[in-house]
Amino acid sequence: MAAGQIGYGVPPSLSAKVTGSFAYLTIRDRMPTILTKAVDTIHRNKNKFFEEHGEEGISAEKQAISLLSKLRNELQTDKPLLELMDGLSDTESWNQYMQRQQRQLGDQELVSWFKSPWLYVECYMYRRIQEAICPPINNFDVFNEGKTQSFFESQQAVMALCTYLGDVQKSMEKLSENQLSEYFNKLLQVSLWGNKCDLSISAGQENSQKASPIDSLPSLQSFILVNDSNMVWLTLNSSRRPEGSGQKTADRVDIVLDNAGFELVTDLVLADFLVSSGLARHIHFHGKCFPWFVSDVTANDFQWTIRQTMAANHKWMSKSGFQWQSYLNEGIWSYHDHPFWTQPHEFCDMAADAPDLYATLQEADLVLFKGDLNYRKLTGDRAWGHAVDFCTALRGFEPAPLCSLRTLKANVQVGLQLGQGEKLSTEDPSWMTNGKYAVIQFHGPKLE
Ligand code: F6P
Ligand code: MG
């Protein structure tokens, strides 16, 4: 079957066609709010653009505001989507994807904001924001303020977490296998709940971590609807190879990052634990090439976060920051971005549409996918029944053993027990979108 074509038994994509659906409300309310805030941010930075680029900076500022206002109008009046015109390296592929969507829709109507798949149009909005911010101000990250604010507002939680990590590391040599697995589970769950703190769901409103992340874990336990952490643990252990065994030089865990701010710190702490405990030798982080879904990590956010952690006036926090920087210097950690992460494709298309990235992921022993948007892409953002197998919803996407760490913020959820989704709908009608629930959902060879 050609990429993008829908096979027998594959449900339709979620879209705003259903009035009142979460997709509909997102496109009607949340996305225009995000655009309005972007316009405001650009306007407030006018002087900075002038200082850096003179009159050209001011013209670019005016142009960006006008293009973003036009974009908001197109969205609100359900206009057809427009081809990108900016001639960047991914422009052609976005335009081809639009044609693919058009073919699926048929020739009766044009791809548009409320008729096309929600996943596609939401991604497309972020790419149009990038197109609107032209040279010489094209390196301006319109979402930067929110991301840095989210980091500073979670300082107490970050300090608590780094202190905890330091304590664990002090006793690392003496830990029994059980203790190690207990710490692993805790830090995996901290990284999971770190995903509550994204700024897209709140349309940019402050959404940082205040409570101590470790102390909160017991009370959150019952909100984890699927917990395959044991499979993740077994996978890590089965791929541990003694140094110099000659089988493979590196055990590698890849983390497909989601949000900057507190969530990124939880991912770095988990990655540090994996390396310092000997569970993994290398960590590859995957981030975004341009500002995405308000709070997602770019290369700049990644480096900035480590620099800030190093510079903190707190012993354990700055110690962690220095440790992370030295992992990067030594190549134990590395940061990667690939245009596919900022494209609208379902991940089942990756092997055909980004074979180089698929091949890279195949080298990992485990791939952790952080967050809600990655879950939507893993499952194609389709109207699957809740009891459908995760494996079925992945539609052949299995580059390596993988695990989704996701708090639920969009109405797709698979892999539940029969009747579990229905029960949740009765008890808490907004369970799929209120960010209270989470999954640690694994797919890979079953190990004993
Ligand atoms: O609708 C909420 C939303 O914008 C979803 O589109 C998206 O899946 C989510 O927020 C972003 O969440 P996360 O940062 O966890 O991917
Ligand atoms: Mg995000």
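Residues numbered from 1 in each chain as written. Chains lettered and ligands numbered in written order. Predicted model: local features only at pLDDT ≥ 70, side-chain atom pairs only at ≥ 80, totals over all residues. Heavy atoms only, no water.

## A closer look at the domain arrangement of the protein chain
The condition that has to hold: Each domain's extent is set by a domain assignment, obtained either automatically or from a database. Here a residue-residue contact requires only that any non-hydrogen atoms of the pair lie within 4.5 Å. Two parts placed together each lose some accessible area under a 1.4 Å probe, and adding up what both lose gives the buried area. Salt bridges are defined by distance alone: a side-chain nitrogen of Lys or Arg within 4 Å of a carboxyl oxygen of Asp or Glu. Think of a polar contact as two N or O atoms within 3.5 Å of one another; within protein, one of them needs to be a possible hydrogen donor and the other a possible acceptor, and neighboring residues in sequence only count if both atoms come from side chains. Helix and strand assignments come from DSSP, with helices taken as H or I runs of at least 4 residues and strands as E runs of at least 2, each series counted from the N terminus. We call Asp, Glu, Lys and Arg charged. Ala, Val, Leu, Ile, Met, Phe, Trp, Tyr, Cys and Pro are nonpolar, and the rest, Gly among them, are polar.
Here the protein chain is described as being made up of domain 1 (22–132) and domain 2 (143–443). When each unit is reduced to the centre of its C-alpha atoms, the spacing between domain 1 and domain 2 is 28 Å. On the side of domain 2, 27 residues touch domain 1, which itself brings 22 residues to the contact. Of all residues in domain 1, the largest losses of buried area upon contact with domain 2 belong to Phe-22, Leu-119 and Tyr-126, amounting jointly to 30% of the total for that side. Linking domain 1 with domain 2 are four salt bridges, by the criterion used here. For the interface between domain 1 and domain 2, the tally reads five residue pairs in polar contact (both at pLDDT 80 or more). Taken together, the elements giving at least two residues each to the side of domain 1 that touches domain 2 come down to α1 (22–44), α4 (91–105) and α5 (118–132). In terms of residue count, α5 provides more of the side of domain 1 that touches domain 2 than any other element does, nine residues in total. Split by residue class, the side of domain 1 that touches domain 2 holds 10 nonpolar, five polar and seven charged.

## A word on the side chain of Ser-112
Turning to its location among the elements, Ser-112 is positioned in the loop between α4 and α5. Of the polar contacts made by the side chain of Ser-112, one reaches the side chain of Asp-78; its length is 2.8 Å. Among all residues touching Ser-112, those that are not within four sequence positions of it are Asp-78, Lys-79, Pro-80, Leu-81 and Val-121.

## So, the sheet that holds strand β7 (residues 438–443)
The condition is simple: Being paired, for any two strands, means DSSP has found at least two bridges between them. Angular values range over 0 to 180 degrees, each being the angle between N-to-C directions of two axes fitted as lines to C-alpha atoms, with helices fitted over their stretch in contact.
Ordered in space as β1-β7-β6-β5-β2-β3-β4, the seven strands form an open sheet in which the pairing is mixed. Of all strands in the sheet, those bounded by a partner on one side alone are β1 (224–227) and β4 (333–337). Each strand of the sheet is rotated relative to its neighbour by a mean of 15°, with strand direction disregarded. In the sheet, β1 pairs with β7 via three bridges, with the strands oriented parallel. Paired with Asn-227 across the two strands is Ile-440, which belongs to β7.

## Topic: the coordination of the magnesium ion (ligand 2)
Worth spelling out the cut-off: The donor set comprises N, O and S atoms within 2.8 Å of the metal, extended to 3.2 Å for Na, K and Ca; water molecules are omitted, so apparent gaps in a site may simply reflect that omission. Burial classification: accessible surface area is computed with a 1.4 Å probe over protein chains only, and a residue below 20% of its type maximum counts as buried, one above 50% as exposed, and the rest as partly exposed.
Here the magnesium ion (ligand 2) is held by the protein donor atoms Asp-258 (OD), Asn-259 (OD1) and Asp-296 (OD), which lie 2.1 to 2.2 Å from it. Mapped onto the sequence, the donors of the magnesium ion (ligand 2) take the spacing D-N-x36-D. In this pair, the class of Asp-258 matches that of Asn-259, namely buried.

## Describing the environment of Glu-83
For Glu-83, the location among the structural elements is in the loop between α3 (55–76) and α4. When the C-alpha positions of Glu-83 and Val-39 are compared, they lie 22 Å apart, and in sequence the two are 44 residues distant. Those residues in contact with Glu-83, other than ones at most four positions away along the chain, are Asn-95, Met-98 and Gln-99.

## Examining the pattern of salt bridges
Enumeration according to the criterion identifies 27 salt bridges in this entry. Close ionic contact of Arg-100 with Asp-353 constitutes a salt bridge, the shortest N to O distance being 2.9 Å. Taken together, the positions of Arg-100 in helix α4 and Asp-353 in helix α14 (residues 350–353) put the pair 253 residues apart, joining distant regions of the chain. Taking relative accessible area as the criterion, Asp-353 reaches 31% and is therefore assigned partly exposed. Between Lys-370 and Glu-263 there is a salt bridge; the shortest N-O distance is 2.8 Å.

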